[in-house]
Amino acid sequence: MLYEEIPKGPLRHGAALVLALLLCTTAALAAEPVQRSLIPVGHTVGVKLFARGVVVVKLPEGGTPARTCGLKTGDVIVECGGEAVTSTEQFQSLLQKNGTDATALEIKRQGSPLTLSVEPERNEQGICCIGAWIRDSMAGIGTVTYYDPATGAFGALGHGITDGDTMALMPFGSGSILPSTVKAVKKGSSGSAGELRGNFDLSGDLGPLCANTDCGIFGTLPADCTLAAGEALPVGDAVEGPATIRANVSGDEVREYAVEILKRLPNASDGREMVISVTDPDLIAATGGIVQGMSGSPIIQNGKLVGAVTHVLLSDATKGYGISMETMLNAGENV
């Protein structure tokens, strides 16, 4: 026989009950969230970021070709005369190639595409110009928040890299992180943000970047990278109370320093989901509190990785903001 008839009666009902229980158990197990474990890093790195196109960072006063055609500060020029723009130097070459004839500029304005027509003018040296300051790259120092041993992914900064003139998020083209050591600290004080000053090792990249978002920069690292070493901690939610941050404020040394999570601000924008206060006397003596370059320092509480430092209060360098680990991870996974 290829099959056997299921007997009727109590046995059949019992079998159905067992099957139902098994299905319920399986469904419950499937619904249980997977616990993420990440290595909190806390080491500074050099960051190189190249824009996709060139960013208009300033327009001079007067009737320049850029103003006449409608260009605005913050616009991103992605094509010139039908050719992709890859750098400031290459954009200048395209302008010389097209001369003073009307040239189509494909731009992105707040993420939306727009086509303009510009008529370059020759300056006193005979070079075709449109009258705009542009930028194609940025470099600086920041802190790596976490490394995921399961995927090789890392996250850093906890906020995006923005252009210093326009304060707009730098459009991502490519980038990488470099080894760095902290050589000096400018201490923060009331009304003045301090900063870490580092030496970059330009001999080789640690790993490539894949995104620049409002919640941090993200990329990958090889498993044998020194930043990938350490004990993984489960991801958790921050609560008001004592915590620590992991930071590199001298040489290559990464230490944990005491902080207090004063207040949680769930779903707040711009990486300001918690208010933190530095309570560690050693960190206050070394930096004055939170300084530029410490952005991304992982926040650890009750044995869990709960967030990253993002901003300092100019009125009080011992206080600042942090982003939740959940928000940062979500941004990294949706790039």
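From a predicted model like this one, the values you see are computed outputs, not experimental measurements.

### Focus: the packing of aromatic side chains
For the coordinates displayed, the defined rule picks out zero aromatic pairs. The ring of Tyr 321 carries the charged tip of Arg 272 above its face, separated from the ring centre by 5.1 Å.

### Quick notes on the pattern of salt bridges
Tallied over the entire structure, the rule returns 13 salt bridges. Across the pair Glu 83 and Lys 97 runs a salt bridge, and its minimum N-O distance is 2.5 Å. With Glu 83 in strand β4 (residues 83-84) and Lys 97 in helix α3 (residues 88-98), this pair connects stretches of sequence that are 14 residues apart. Overall, the relative accessible area of 59% leaves Lys 97 in the exposed class. The shortest N-O distance in the salt bridge between Glu 195 and Arg 197 comes to 3.2 Å. Bridged by salt links that share partners, the residues Arg 36, Asp 148 and Glu 333 form one connected network.

### Section: the nonpolar core
Judged by nonpolar contacts, the single largest core of 25 residues is most densely connected at Val 144, Ile 177, Leu 221 and Leu 227. Listed by contribution, the elements that provide at least two residues to this core are β2 (44-58), β9 (133-147), β10 (153-156) and β11 (172-186). If one sorts the elements of this core by residue count, β2 sits on top with six residues. Here Ile 177 is in contact with Val 45, Gly 46, Val 47, Val 144, Phe 154, Asp 205, Leu 206, Gly 207, Leu 209 and Leu 221, once residues within four sequence places are set aside. If you look at the next biggest cluster of nonpolar residues, it comprises 20 residues, including Val 182, Ile 261, Val 291 and Ile 299.

### A word on α3
Along α3, the residues classified as buried are Thr 88, Phe 91, Leu 94 and Leu 95. Angularly, the buried residues of α3 cover 115° about the axis, an arc narrow enough to put them on a single face. Pointing more than 90 degrees away from the buried face of α3 are the exposed residues Glu 89 and Lys 97. The inward-facing, buried residues of α3 abut β2, β3 (76-80), β4, β5 (103-109), β8 (128-129) and β9. Following α3 by one or two positions, Gly 99 adopts a phi angle in the positive range, close to 70°.

Quick notes on the rules
- Residues numbered from 1 in each chain as written.
- Predicted model: local features only at pLDDT ≥ 70, side-chain atom pairs only at ≥ 80, totals over all residues.
- Heavy atoms only, no water.
- Phe/Tyr/Trp six-rings, centres within 6.5 Å; stacked < 30°, edge-to-face > 60°.
- Lys NZ or Arg CZ within 6 Å of the ring centre and 35° of its normal.
- Salt bridge = Lys/Arg side-chain N within 4 Å of Asp/Glu carboxyl O.
- Helix = DSSP H or I, 4+ residues; strand = E, 2+ residues; numbered from the N terminus.
- Buried < 20%, exposed > 50% of the residue type's maximum accessible area, 1.4 Å probe, protein only.
- Core = buried A, V, L, I, M, F, W, Y, C linked by side-chain atoms within 4.5 Å.
- Contact = heavy atoms within 4.5 Å.
- Arc of directions from axis to C-beta.

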